Amino acid sequence: MSGPVHTYPRRVPPLYRLARAFRRASALVLVLLILFTLSVVYSTSELSQSPPQVGSFSVGFGSNGTMILAGSLSVSNPGFYPIQNLALEARIANESGGFLGAFALAPSTLPSQATEEFPIDLYLPVSATGPGASLLVHSQTLTIAFWGNATFGFIFPAGVSILNDRVWGAPFDNLALSVGSISSNGTLPITVSFQNEASLTEAGTLRATVVAANGITCGTVSWTLNVGQGQQFDQTQPLSLAPGCSPAGGTLVTVYTTPGYTVPLPPEAIP
């Protein structure tokens, strides 16, 4: 009579156990990658709905013959991951598309769920002609074109290309100079009118010089200004003409001066 038969559980080979563990780990990694990718896609869509925003510009004049456009750029990151190596450049154009200037932001990191503001200080040469001259006498919409690069979700490169419009208030909006008829005493009435739409008070002197068609200066007249934001200015002053000087076909050359700076305004032809 034979003894009882004992059965022993079959041992799983170590290589099989390793392969099974690897499959489980791979499945877990795949799930994590899918979740990560979905979170990046969601964050990117949220980011695309929160483009950089430029605040309203304020205007100032510098003693070095420049006009200063000051403002701020707000950048938000509503996503789950930081925006790294964010570098932006921008060009500003006036309403007719004329190039005004450019500014850039050095590379920086914007944490998740954060908003940062970056200052903008754009210095434009003061000139009576060129694209910048329109900022003095014409309120308008400025176009700010952004482009740049960043790293999102730690590994994904991203490009930025955005247009942003902002309303500009001119300090001498709708500047108009009109010349009347020469009076019997040889004076010429000159009327100046404008509205101050800029974020400053114009406290200085406005001078208008009549230059004849042959280049001879016929005379100069001035107005003392103290015009706050949103206020209208409309005054007439008599100009004493130089003997024998005819203003017909000449030019009115206007300059705004303060103790700190001088601002030439666009010239105006005399009929």
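Everything below is about the structure printed above this text.
Given the structure is predicted, the values throughout are model-derived calculations rather than measurements.

**As for the overall build of the protein chain**
Of the regular secondary structure elements, the protein chain holds two helices and 16 strands. Every one of the 271 residues in the protein chain was classed for burial, and the buried ones make up 39%. Long-range contacts, defined here as pairs at least 24 residues apart, represent 65% of the contacts in the protein chain between residues at least 6 apart. For the protein chain, the exposed surface amounts to about 15,000 Å²; the carbon and sulfur share of it is 58%.

**So, the side chain of Asp-173**
By secondary structure assignment, the location of Asp-173 is in strand S9 (residues 173-179). Here Asp-173 is buried and forms no salt bridge, its nearest opposite-charge partner Arg-166 lying at an N-O distance of 18 Å.

**A closer look at the packing of aromatic side chains**
The final tally for this structure, using the stated rule, is six aromatic pairs. Look at Phe-194 and Phe-233: their rings are 5.4 Å apart centre to centre, the planes differ by 25°, and that puts the pair in the stacked class. Taken together, the positions of Phe-194 in strand S10 (residues 187-195) and Phe-233 in strand S13 (residues 232-240) put the pair 39 residues apart, joining distant regions of the chain. One exposure class covers both Phe-194 and Phe-233, and it is buried.

**A closer look at the nonpolar core**
If you look at the biggest cluster of nonpolar residues, it comprises 61 residues, and the most contacted ones within it are Phe-57, Met-67, Leu-69, Phe-194, Trp-223 and Leu-225. Those residues in contact with Leu-225 that lie beyond four places of it in its chain are Phe-172, Phe-194, Glu-202, Ala-203, Gly-204, Leu-206, Phe-233 and Tyr-256.

**Thoughts on the state of the cysteines**
The tally for this structure, following the rule as stated, stands at one disulfide. Across the disulfide from Cys-218 sits Cys-245; the S-S distance is 1.8 Å. Across the S-S bond linking Cys-218 and Cys-245, the dihedral sits near -65°, which makes this disulfide left-handed. Here Cys-245 lies in the loop between S13 and strand S14 (251-257) and Cys-218 lies in strand S12 (residues 217-227), a separation of 27 residues in the sequence.

**Comments concerning unusual backbone geometry**
Backbone geometry at Gln-113 places phi at a positive 60°, although glycine is not the residue there. Judged by its relative accessible area of 55%, Gln-113 falls in the exposed class. Despite not being glycine, Asn-174 has its phi angle at roughly 55°, a positive value. Note that Asn-174 resides in strand S9. With a relative accessible area of 56%, Asn-174 lands in the exposed category.

**Some thoughts on the side chain of Asn-94**
Relative to the helices and strands, Asn-94 resides in the loop between strand S4 (83-93) and strand S5 (99-110). Within polar-contact distance, the side chain of Asn-94 engages the side chain of Ser-96 at 3.1 Å. A distance of 2.7 Å separates a polar atom in the side chain of Asn-94 from the backbone nitrogen of Gly-98. If we ignore the near neighbours within four places in the chain, the residues touching Asn-94 are Leu-100, Pro-131, Ser-134, Gln-140, Thr-141 and Leu-142.

**A short note on the environment of Asp-173**
Exposure remark for Asp-173: the relative accessible area of 11% places this residue in the buried category. It is 4.3 Å that separates the C-alpha atoms of Asp-173 and Val-137, two residues lying 36 residues apart in sequence. With residues up to four places along the chain from it excluded, the contact list for Asp-173 reads Leu-136, Val-137, His-138, Ser-139, Phe-194, Gln-195 and Glu-197.

**Describing the environment of Ser-246**
One can find Ser-246 in the loop between S13 and S14. When the C-alpha atoms of Ser-246 and Ala-212 are compared, they prove to be 6.2 Å apart, with 34 residues separating the residues in sequence. Among residues more than four places away in sequence, those in contact with Ser-246 are Ala-212 and Cys-218.

Definitions and limits used
Residues numbered from 1 in each chain as written. Predicted model: local features only at pLDDT ≥ 70, side-chain atom pairs only at ≥ 80, totals over all residues. Heavy atoms only, no water. Helix = DSSP H or I, 4+ residues; strand = E, 2+ residues; numbered from the N terminus. Buried < 20%, exposed > 50% of the residue type's maximum accessible area, 1.4 Å probe, protein only. Contact = heavy atoms within 4.5 Å. Areas by Shrake-Rupley, 256 points an atom, 1.4 Å probe, with all protein chains shown as cover. Lys, Arg positive; Asp, Glu negative; His and termini not counted. Salt bridge = Lys/Arg side-chain N within 4 Å of Asp/Glu carboxyl O. Phe/Tyr/Trp six-rings, centres within 6.5 Å; stacked < 30°, edge-to-face > 60°. Core = buried A, V, L, I, M, F, W, Y, C linked by side-chain atoms within 4.5 Å. Disulfide = S-S within 2.5 Å. Polar contact = N/O pair within 3.5 Å; in protein donor to acceptor, adjacent residues only side chain to side chain.

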